[in-house]
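# Coordinate inspection notes
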Amino acid sequence: MSVFTFRCFICGAAVEIPGRFGFKLKSSGAGRLLCQRCRQSSFLKARREQLDQAIEAEIQRVRWVPAAAVALALTLAISLVWWHQAQQNRPQDSLPERVSSSR
């Protein structure tokens, strides 16, 4: 079985591909072959970037929780003060005077 040797696109290391697959790659003029080390490092780099983005999104989400709680508490306090003021300014219902009946 024949073995075809290609150069890694990034580092230039030899990449050996056996048999028919290597022949197909050679015939197609494939120029972007990567060695195992470069493939692993590019995968790890992409995975690290993905995890960093996920962690950053989680931190952003976690930061909004206290801000939302403060906004809710402030809204509740303002509305309670406003409601209390409205209740104090409302005229009191007066009770009808008792008419004492003389017997």
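Higher on the page you've got the structure.
First things first, this report covers the structure right here in the doc. Computed from a predicted model, the values in this text were never measured in an experiment.

## Focus on the overall build of the chain
- Scanning the chain for helices and strands turns up 2 helices and 2 strands.
- Start at the N end of the chain and walk to the C end: the helices and strands fall as β-β-α-α.
- Taking contacts inside the chain between residues at least 6 apart in sequence as the whole, the part at least 24 apart equals 28%.
- Accessible surface for the chain amounts to roughly 9700 Å². Of this, 60% is attributable to carbon and sulfur atoms.

## A closer look at the environment of Thr75
- Mapped onto the elements of the fold, Thr75 is located in helix α2 (residues 36–89).
- Within polar-contact distance, the side chain of Thr75 engages the backbone oxygen of Ala71 at 2.8 Å.

## What to know about the state of the cysteines
- In this structure the tally under the stated criterion is 0 disulfides.
- Free cysteine: Cys8, not disulfide-bonded; nearest cysteine sulfur from Cys38 at 3.6 Å.
- Sulfur of Cys11: no disulfide; nearest cysteine sulfur belongs to Cys38 and is 3.6 Å away.
- According to the relative accessible area criterion, Cys11 is partly exposed, its value standing at 37%.

## Examining the pattern of salt bridges
- For the structure shown, the criterion picks out 1 salt bridge.
- For Arg61, the salt bridge is made with Glu58, and the minimal N-O distance between the two is 2.7 Å. Pair noted here: Arg61 and Glu58 are both in helix α2, with a separation of 3 residues, about one helical turn.
- Residue classification places Arg61 among the partly exposed positions, given a relative accessible area of 49%.
- Here Glu58 falls in the partly exposed class, since its relative accessible area comes to 39%.

## Focus: the pairing of strand β1 (residues 3–7)
- Because side chains alternate across β1, one face comprises the buried residues Phe4 and Phe6, and the other comprises Val3, Thr5 and Arg7, none of which is buried.
- Both β1 and strand β2 (residues 14–18) contribute to a ladder of 5 bridges, which runs antiparallel. Across the sheet, residue Thr5 finds its bridge partner in β2, namely Glu16.
- From the end of β1 to the start of β2, which pair antiparallel, there are 6 residues, and Gly12 there has a positive phi angle of about 85°.

Definitions and limits used
- Residue positions within a chain follow its written sequence, with the count starting from 1.
- Per-residue local features of the predicted model are confined to residues with pLDDT of at least 70, and side-chain atom pairs are confined, for both listing and counting, to 80 or more; whole-chain, interface and lining totals are unaffected and use all residues.
- Side-chain numbers here rest on the full set of heavy atoms in the structure, without hydrogens or water.
- Helix numbers and strand numbers start at the N terminus; a helix is a DSSP run of H or I with at least 4 residues, a strand a run of E with at least 2.
- Contacts are assigned to residue pairs that have any heavy atoms within 4.5 Å of one another.
- Each accessible area value is a Shrake-Rupley result obtained with a 1.4 Å probe; residue values ignore everything except the protein chains displayed when judging cover.
- Between N or O atoms, a polar contact is any pair within 3.5 Å; within protein, one atom must be a potential hydrogen donor and the other a potential acceptor, and residues adjacent in sequence are included only when both atoms are from side chains.
- Note that a disulfide, as used here, is simply two cysteine sulfur atoms within 2.5 Å.
- Each residue gets one of three labels from its accessible area relative to the maximum for its type: buried under 20%, exposed over 50%, partly exposed in between, using a 1.4 Å probe on protein chains only.
- A carboxyl oxygen of Asp or Glu within 4 Å of a side-chain nitrogen of Lys or Arg is what we treat as a salt bridge.
- DSSP-based pairing: two strands are paired if at least 2 bridges between them are found.

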